[in-house]
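Each chain, letter by letter, is given below.
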Amino acid sequence: EPLKSLFLLSPGLMWLQQGEGGGGLRHTCEQSDGLSRYGWLQHDGESFGAQEIEDGKLRLKTEFVKRPGGEHGGDWSWRVTARTKGSGGPAPLLSLFFYIATDGQGTLEPQLENGTRLAAVTGNTEELGRFTLTFLRPTDPSGQDLKYA
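Below you will find a few notes about this structure. (Residues numbered from 1 in each chain as written. Predicted model: local features only at pLDDT ≥ 70, side-chain atom pairs only at ≥ 80, totals over all residues. Heavy atoms only, no water.)

## Observations regarding the overall build of the chain
Working step 1: Within the chain, the regular secondary structure consists of zero helices and nine strands.
Working step 2: Beginning at the N terminus, the succession of helices and strands in the chain can be written as β-β-β-β-β-β-β-β-β.
Working step 3: Taken across its 149 residues, the chain has 21% of its residues classed as buried.
Working step 4: The long-range share in the chain, meaning contacts at least 24 apart out of those at least 6 apart in sequence, stands at 36%.
Working step 5: Within the structure as shown, the chain displays about 10,500 Å² of accessible surface, and the carbon and sulfur contribution to it stands at 50%. (Helix = DSSP H or I, 4+ residues; strand = E, 2+ residues; numbered from the N terminus. Buried < 20%, exposed > 50% of the residue type's maximum accessible area, 1.4 Å probe, protein only. Contact = heavy atoms within 4.5 Å. Areas by Shrake-Rupley, 256 points an atom, 1.4 Å probe, with all protein chains shown as cover.)

Below, the structure is given as structure tokens:
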């Protein structure tokens, strides 16, 4: 049953480059968007994938992998990496918006750290039962916490 349970939950990512030349809020990649490049770098359609989006000076990479096991076929991990192409000048301020929704069945509840940072979303659906989506703290390439996380 590959990906069957995934369709009960709809995750997504939107991004916004703030400041000079930032453009608007992006949610999809369309040919008319004027993106330099976007598409899958590799995937098997079932348990792993990596895609890259070039949006002006921004290079956004998303990767996912499914670890087999559990009652519902496995656990998913997802990583988002944002880098600035080229050198010279500071990196633009970037906002990433991750969202999750159900198909109308079940519940979702945000879990906040210090009342401000989304640390997890807990939920319950008939097919999945109880589940938790955990968000690790964002870091820079050296592993340091980011200033605006």
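## Describing unusual backbone geometry
Working step 1: Within the chain, N114 stands out as a residue other than glycine whose phi angle is a positive 55°.
Working step 2: Relative to the helices and strands, N114 resides in the loop between β7 (107-113) and β8 (117-125).
Working step 3: Overall, the relative accessible area of 70% leaves N114 in the exposed class.

## Some details on the sheet that holds strand β5 (residues 75-84)
Working step 1: Sheet architecture is open: four strands sit in the order β2-β3-β4-β5, paired in antiparallel fashion. Edge positions in the open sheet fall to β2 (37-43) and β5, since each of these has one partner strand only. Taking the axes of each pair of neighbouring strands and ignoring which way they run, one obtains an average angle of 15° across the sheet. (Pairing = 2+ DSSP bridges. Axes fitted to C-alpha atoms, helices over the stretch in contact; angles between N-to-C directions.)

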